[in-house]
Amino acid sequence: MLRSLFLAAAGSARLERLVESTPAGSGVVRRFVAGSGADEALATTRELADDGLAVSLVHLGTGTETLEQAQAVRDEHVALLARLRAAGLTPAAEVSVKLSELGQRLDERVAFEHAHAICAAAAEAGTTVTLDAEDHTTTDATLETLLELRRDFPSTGAALQAYLRRTEGDCRELAVAGSRVRLCKGAYAEPESVAFQSPLDVDKSYVRCLNVLMSGEGYPMVATHDPRLIAIAEDRARWFDRSTGECEFQLLHGVRPEEQARLAAGGHTVRVYLPYGKQWFGYLMRRFAERPANVAYFAKAISAR
Ligand code: FDA
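Residues numbered from 1 in each chain as written. Predicted model: local features only at pLDDT ≥ 70, side-chain atom pairs only at ≥ 80, totals over all residues. Heavy atoms only, no water.

(A) How the structure looks around the side chain of histidine 77. Within the secondary structure, histidine 77 sits in helix H5 (residues 67-86). Among the residues examined, histidine 77 registers a relative accessible area of 4% and is labelled buried. Other than its neighbours up to four places away in sequence, histidine 77 contacts His59, Val95, Ser96, Val97 and Ile118. (Helix = DSSP H or I, 4+ residues; strand = E, 2+ residues; numbered from the N terminus. Buried < 20%, exposed > 50% of the residue type's maximum accessible area, 1.4 Å probe, protein only. Contact = heavy atoms within 4.5 Å.)

Set out below in structure tokens:
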């Protein structure tokens, strides 16, 4: 029930204003989201970099419905990369990109060209781009785009979702030299025909994929907050002799910060996935819907106003 409440709240402009207008509420926002604009994104990136953390910035878009919007999303990323470079925040900071925001559903070629322009801006800034994974109907197109982008920008990375039955095979294809793969569990509601449904089956798939990536030639990016999977990934990194710079851990901004610090102190590269943009409120509500334990934190902050 709490989950539905928070998902419903995601569309409430009134609640959004309430959260934003109180010092405590905006503190909650800042725990999970950099803010609504590039200035805040840069400031938070600087704080995280000062703490020894790498960052992947993700722009929270409105959902692209026109080619003009797709172009604006491209321009936002290109401008951000120039600012990250000017601020000396690359290569510690990279960007994550959703191809749907670049118009993938409207015109795959246009989305590719926009992604290419963003990769070129990233290369000029001395950093990289990772393609987010979206719902399963986009996986083939996203991986084709990845292969094409990697011809010009070999360090372009992509997220793979362990809940998809196909992903172990995709890991095998992508576990090649220079290939950066972010392994996450997967965040969309997917049918049984394409995705494992039970948490145990998803975790088992995650471990199989991890074994493929860690034993391969590429650069695994372990994106999970799950203590058991993190422990297994640390074990595999040791087993396959991967030292610092040969794999990394990724966690969402504000989630398990003590674990982020522990991994970094242990010599691992830790990258924080840092969202920013005007659509921060919906993102925040979805994080609460995902994990009811965060609700108490939220309620306490709001009632303290
Ligand atoms: P899960 O949610 O199953 O939790 C397992 C355990 O982790 C919990 O029992 C708890 O112990 C611990 N835990 C989880 N959340 C916690 C919290 N808030 N506080 C304390 N402990 C917590 N998805 C996608 O479809 N496409 C993508 O491109 C990406 N990209 C991405 C990047 C990064 C850096 C991350 C971390 C995640 C993604 N995801 C994603 C989201 C991912 O698919 C998944 O939905 C979430 O990470 C939640 O899954 P977990 O692996 O964290 O475990």
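(B) Structural context of unusual backbone geometry. Going from threonine 90 to proline 91, the amide bond is cis rather than trans, its omega being 10 degrees. Relative to the elements of secondary structure, proline 91 occurs in the loop between H5 and strand S2 (93-97). One non-glycine residue, aspartate 241, adopts positive backbone phi at about 55 degrees. You can see aspartate 241 is positioned in the loop between helix H10 (227-239) and strand S7 (248-252). Looking at aspartate 241, the relative accessible area reads 65%, which means it is exposed.

(C) Spotlight on the environment of arginine 242. By the secondary structure assignment, arginine 242 is in the loop between H10 and S7. Note on arginine 242: relative accessible area 13%, which makes it buried. On a C-alpha basis, the gap between arginine 242 and tyrosine 219 in space is 9.6 Å, while along the polypeptide they are 23 residues apart. Those residues within four positions of arginine 242 in sequence are excluded, and the remaining contacts are Leu213, Met214, Gly216, Glu217, Gly218, Tyr219, Pro220, Ala237 and Cys247.

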